[in-house]
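# Breakdown of the fold
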Amino acid sequence: MNHNKKRQNYDVVISGAGPVGLFLACELALAKCSVLLLEKEENTNSSLKQIPFGIRGLSTPTIEALFRRGLLEKLEVHKRLKNPHSNGGEGARRQVGHFAGIPFYEGDIDTSKWKYRLPSSTATSLISEMQELENIFSNRAEDLGVTIKRGFPITDFHQTDDEVIVQSEDRSFQTEWLVGCDGARSVVRKLGGFEFAGTEPEFTGYSAKVTIANPEKLKPGRNVTERGMYLQSQPGYLVIQDFDGGAFHDSGRKISSEHLQEVVRRVSNTDVTIHSLETVTTWTDRARQATSYRKGRIFLAGDAAHIHSPLGGQGLNLGLGDAMNLGWKLAATIQGKAPQGLLDTYQTERYSIGAQILDWSRAQVSIMKPNPEARAMNSILRDLMGTRDGATYFAGRVWGLFTHYDFENVDPFVGRSVPNFEFEDGHTIGESMLDGKGILLDFRMDASLKTFATGYEDQIKYVCGRAKEEFGLSSILIRPDGIVAWTSDKGADCAELQPVADRWFLRHSKIKG
């Protein structure tokens, strides 16, 4: 490692300028931390990040996070794009999601089951693309003062009790913390010696743009067959699952038009002919998760911490959830405002959410296999998803409406995303979160709660006012990531609130002491 050149110092160095790394950088910079983002590629633009290959479904927690940071209004793709993964249909028969290729429809979903969603709530799902998200997050990061260096791969790092020295070829950077957001083949994870445990793949997936002589031979939409699955979102744009145990993907062989034609013919049971191959990439359903998201001053987030098949579009949402969770906790630690153990909650909260998503992905693969057992289970699930309760359950899972952290509290709000309460003057609680601070929300305008909030310096702000719907609550403590930490239905009870607030925030008296 070259120690001769002058090092540049940062609070945090992030490896990887994809959506997760960029969004985390925004969260840290919002809290006035100095952030360096290192990206190995000089040019990160790619046709694979654009429609149709780059299409991504955003789930409710992601949409809420973007709204709470003033970024939701910048999304444009969903305003002009009809979901190309749909089999068509309008009104009640409009397909709004799928599980293992089995669609569920708008008219089958009972939204009254989600009683804490208010008229002012954001959408449950939206369509975007990777390139759009990267552009929005990159502009936001630069506006907040994040330093982004492209063409700077991390080649080594060394951590001590007090710092991390990060090497990028002939340059070195000094930082308090290093976060690997550098994808499934994470260099930070490998150099850091993180264990990456999980299961091996069942299939090779292909995403390809081709010229097809007879595209009418392939059905539109998503089609599960006796030999795999294929999706033709529009003529010439193919996604294929070939249950070869991931052999072709892992072989590293070049993908020829002849090979792709053989695969699509076998999976679709047609004699479709591919004239030419323009763009193609492969992937698998390999499912792995870092057994720990932290080693000393090194953290993992996004695909660096967990990988699984893209079925259901959960990966990006999971990674952005990591960034939203880690950002405020790491910033508080850097600024000396973190109570003991705060950083440990990143692992305990996000690991369990990641494990759930990996199992959700594995479950989909298990009923898409080309064998009689999987077809039997697939048939039963189709019947179940055709019921109102079944469609409502699967929609809730796919859209992230059931996401919550276990705070060992029976309160139905605690550990969940705060409802987007709308006040009598028309503004919502989500619009009060733009600065990334915690909130003590007081529907009864109690002076003692306002005094209480001042005891946490600038970490908690006091927001008061009557809402159109309050669910019988009088006050709520909300973390900076929008998660409810405490509620009361009996007026101000500062003695009950105190230990909860101390768990997430550092009191002003403690800082001075």
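Overview of the structure. Every value quoted in this text rests on a predicted model; they were computed, and no experiment measured them. (Residues numbered from 1 in each chain as written. Predicted model: local features only at pLDDT ≥ 70, side-chain atom pairs only at ≥ 80, totals over all residues. Heavy atoms only, no water.)

### Regarding unusual backbone geometry
Test applied: Only DSSP runs of H or I covering at least 4 residues are called helices, and only runs of E covering at least 2 are called strands; the numbering of each starts at the N terminus. Each residue's exposure class comes from its accessible area (1.4 Å probe, protein chains only) as a fraction of the maximum for that residue type: buried when under 20%, exposed when over 50%, partly exposed otherwise.
In this chain, isoleucine 51 is followed by proline 52 through a cis amide linkage whose omega measures 5°. Mapped onto the elements, proline 52 comes out in the loop between strand S2 (35-39) and strand S3 (55-58). With phi around 55°, alanine 100 is a residue other than glycine that occupies positive phi space. Relative to the helices and strands, alanine 100 is located in the loop between strand S4 (95-99) and strand S5 (102-105). Relative accessible area serves as the criterion here: at 0%, alanine 100 is assigned to the buried category. Positive phi is not limited to glycine here, since glutamate 169 has a value of about 55°. Following the sequence through the fold, glutamate 169 ends up in the loop between strand S9 (164-168) and strand S10 (171-180). Under the relative-accessibility criterion, glutamate 169 is labelled exposed at 53%.

### Re the sheet that holds strand S12 (residues 204-212)
Rules: Here, strands pair whenever DSSP counts at least two bridges between them. Angular values range over 0 to 180 degrees, each being the angle between N-to-C directions of two axes fitted as lines to C-alpha atoms, with helices fitted over their stretch in contact. The contact rule is simple, with two residues in contact once any of their heavy atoms fall within 4.5 Å.
Spatially, S13-S14-S15-S12-S16 is the arrangement adopted by the five strands of the open sheet, whose pairing is antiparallel. The open sheet has two free edges, formed respectively by strand S13 (221-225) and strand S16 (274-284), since each of these has just one partner strand. Taking the axes of each pair of neighbouring strands and ignoring which way they run, one obtains an average angle of 20° across the sheet. Bridge count between strand S14 (residues 228-234) and strand S15 (residues 237-242): six bridges; the pairing is antiparallel. Each residue of the ladder has a partner; that of methionine 229, found in S15, is glutamine 241. Here helix H7 (residues 257-268) sits on the sheet and contacts S12, S13, S14, S15 and S16; the angle it forms with S15, its principal contact strand, is near 70°.

### Thoughts on the packing of aromatic side chains
Heads up, the rule is: Any Phe, Tyr or Trp ring, taking Trp's six-membered ring, that has another such ring centre within 6.5 Å forms a pair; planes under 30 degrees apart are called stacked, those over 60 apart edge-to-face, and the others tilted. Throughout this description, the term charge over a ring refers to an Arg CZ or Lys NZ atom that lies within 6 Å of the ring centre and within 35 degrees of the ring normal.
Counted by the stated rule, this structure contains 27 aromatic pairs. Centroid distance phenylalanine 421 to phenylalanine 471: 6.1 Å. Interplanar angle 65°. Geometry classified as edge-to-face. In this pair, phenylalanine 421 is assigned in the loop between helix H11 (388-398) and strand S21 (438-442) and phenylalanine 471 in the loop between strand S22 (460-464) and strand S23 (475-478), connecting sequence segments 50 residues apart. Note on phenylalanine 421: relative accessible area 0%, which makes it buried. Among the aromatic residues, ring-to-ring pairing joins Trp328, Tyr405, Phe407, Phe452, Tyr456, Trp504 and Phe505 into one connected group. The aromatic ring of phenylalanine 152 is capped on one face by lysine 149, whose charged end is 5.6 Å from the ring centroid.

### A closer look at the layout of surface pockets
For clarity, the cut-off: Put plainly, a pocket is an open set of points on a 1 Å grid over the protein atoms alone with protein on both sides within 12 Å along at least five of seven lines, a cavity is a set where a 1.4 Å probe fits but cannot get out, and a lining residue has an atom within 4 Å of a point. Grid points are joined across faces, edges and corners, and a volume is the space filled by probe spheres set on the points.
What the second largest pocket holds in volume is close to 1000 Å³. Taken together, 46 residues form the lining of the second largest pocket, with Pro61, Gly400, Leu401, Phe402 and Thr403 sitting closest to its centre. Put simply, the parts of the chain that give the lining of the second largest pocket at least two residues each are helix H2 (60-68), helix H8 (315-334), helix H9 (344-366) and H11. Of the residues forming the lining of the second largest pocket, the biggest block, seven residues, is contributed by H2.

By themselves, these observations are geometric and do not establish any function.
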